[in-house]
Every structure is written in structure tokens, then in C-alpha cells.
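Structural features, examined
The lines below spell out each chain.
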Amino acid sequence: MGGRCAGLTIIEVLATAIILGIGLVGVGSMVTYATISHKRAANYTIAAARASKELERVREAGYLGAAITPALFPEDQYTLEGDELAWFNVDDLENGRGAVIIYQDPEADETNPDTGEPYSNLKRVYVWISWGGNRFLHGTYLAMTMIANRP
């Protein structure tokens, strides 16, 4: 009996291989993107936690204690630069580096029209953190608060 042989042609096998290859590349890209996204989120979480810790330290010191001094920023953990800037390392981040900046709010230095005295009762506090890594993982985080002098 002469009949057709059942099976796949070479064209069908090639088409299947191409479709499967495209699908595998797509899945591989999704896994890579998910891994990078997870690491970026972890880096931002670490930076946010450290920035919150630094802001809380300054808030607890109060208006008068909120200053770049060794009392608030021990020199074995921070590098003090002038009276407005303290640098620190963030060891949990690749090339992690941060800064605390404290200064008198310029808007608060205006003269009170009723008394003629300057307001000078408000300080701005910034915490800036940056980290390295490849072009997909590097980043920066900035947090800010203000501290008022309440008599």
C-alpha cells in the first residue's frame, strides 16, 4: 500500500523553533527586568530607611541642637564639612554615600513688620543619598524636613 508518511516537514520544525526562540527571549527579558526592578526597589528602601534615621536624629536634637557638630554627628561616623554639611557612608548600598545638610531657612530671616525683628526660627534639613552600580542600578534619594523654634 502506498500512502503518505505522517510527520513534520523541515519548514514546520523551523517555524516552531523560531516561535519557541522568540518566546524564550521574551521570558528571559522579563526575568532580567524583574531582577533589576527588585534590586532597585531594595536600594530605594535602604536609602529611605537611612534618610529617615538621619532626619529623626536631627528632629530629636530639636531646633537648637540641629547643627553640624560632633555632638550630633560623631566624627568617627561622619565627615563634617563646615557648619552646614556632614557626609556619611551607606555600607548597605554599592558605593553608597550620603549627606546631611542643615541651614537656616532664608525665608525665615525676613523682618517681622510688627516687631522689626528677624524671624530666624526655622531650619531646613536635607538628607541626600546616592549609590552606584551599573547603569540600571545607580540612583539617588532625597528627603527633607523643617524644624521650627517654638518658645
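Basis of the calculations
- Residues numbered from 1 in each chain as written.
- Predicted model: local features only at pLDDT ≥ 70, side-chain atom pairs only at ≥ 80, totals over all residues.
- Heavy atoms only, no water.
- Pairing = 2+ DSSP bridges.
- Helix = DSSP H or I, 4+ residues; strand = E, 2+ residues; numbered from the N terminus.
- Axes fitted to C-alpha atoms, helices over the stretch in contact; angles between N-to-C directions.
- Patch = residues over 30% accessible without salt bridge, like charges linked within 9 Å, V, L, I, M, F, W, Y side chains within 5 Å.
- Areas by Shrake-Rupley, 256 points an atom, 1.4 Å probe, with all protein chains shown as cover.
- Salt bridge = Lys/Arg side-chain N within 4 Å of Asp/Glu carboxyl O.

1. Looking at the sheet that holds strand E1 (residues 79-81)
The strand order across the open sheet formed by 5 strands is E1-E2-E3-E4-E5, and the pairing between neighbours is antiparallel. The open sheet terminates on both sides in strands that have one partner only, identified here as E1 and strand E5 (139-148). Averaged over all pairs of adjacent strands, the angle between strand axes in this sheet comes to 20°, irrespective of strand direction. In this structure, E1 lies alongside strand E2 (residues 85-90), joined through 3 bridges in antiparallel fashion. Paired with leucine 80 across the strands is alanine 86, a residue of E2.

2. As for a nonpolar patch on the surface
On the surface, Leu8, Ile10, Ile11, Val13 and Leu14 cluster together to form a nonpolar patch covering roughly 540 Å² of accessible area. Turning to its location among the elements, leucine 8 is positioned in the segment before helix H1 (10-65).

3. Quick look at the pairing of E2
Remark: 3 residues form the turn of the hairpin made by E1 and E2, two consecutive strands paired antiparallel; glycine 82 in that turn has positive phi of roughly 70°. Here E2 pairs with strand E3 (residues 96-104) via 6 bridges, running antiparallel. Within the sheet, the bridge partner assigned to valine 90 lies in E3 and is glycine 96. Between the end of E2 and the start of E3, which pair antiparallel, lie 5 residues, with asparagine 95 showing a positive phi angle near 55°.

Read these as layout, nothing more, since geometry by itself doesn't imply function.
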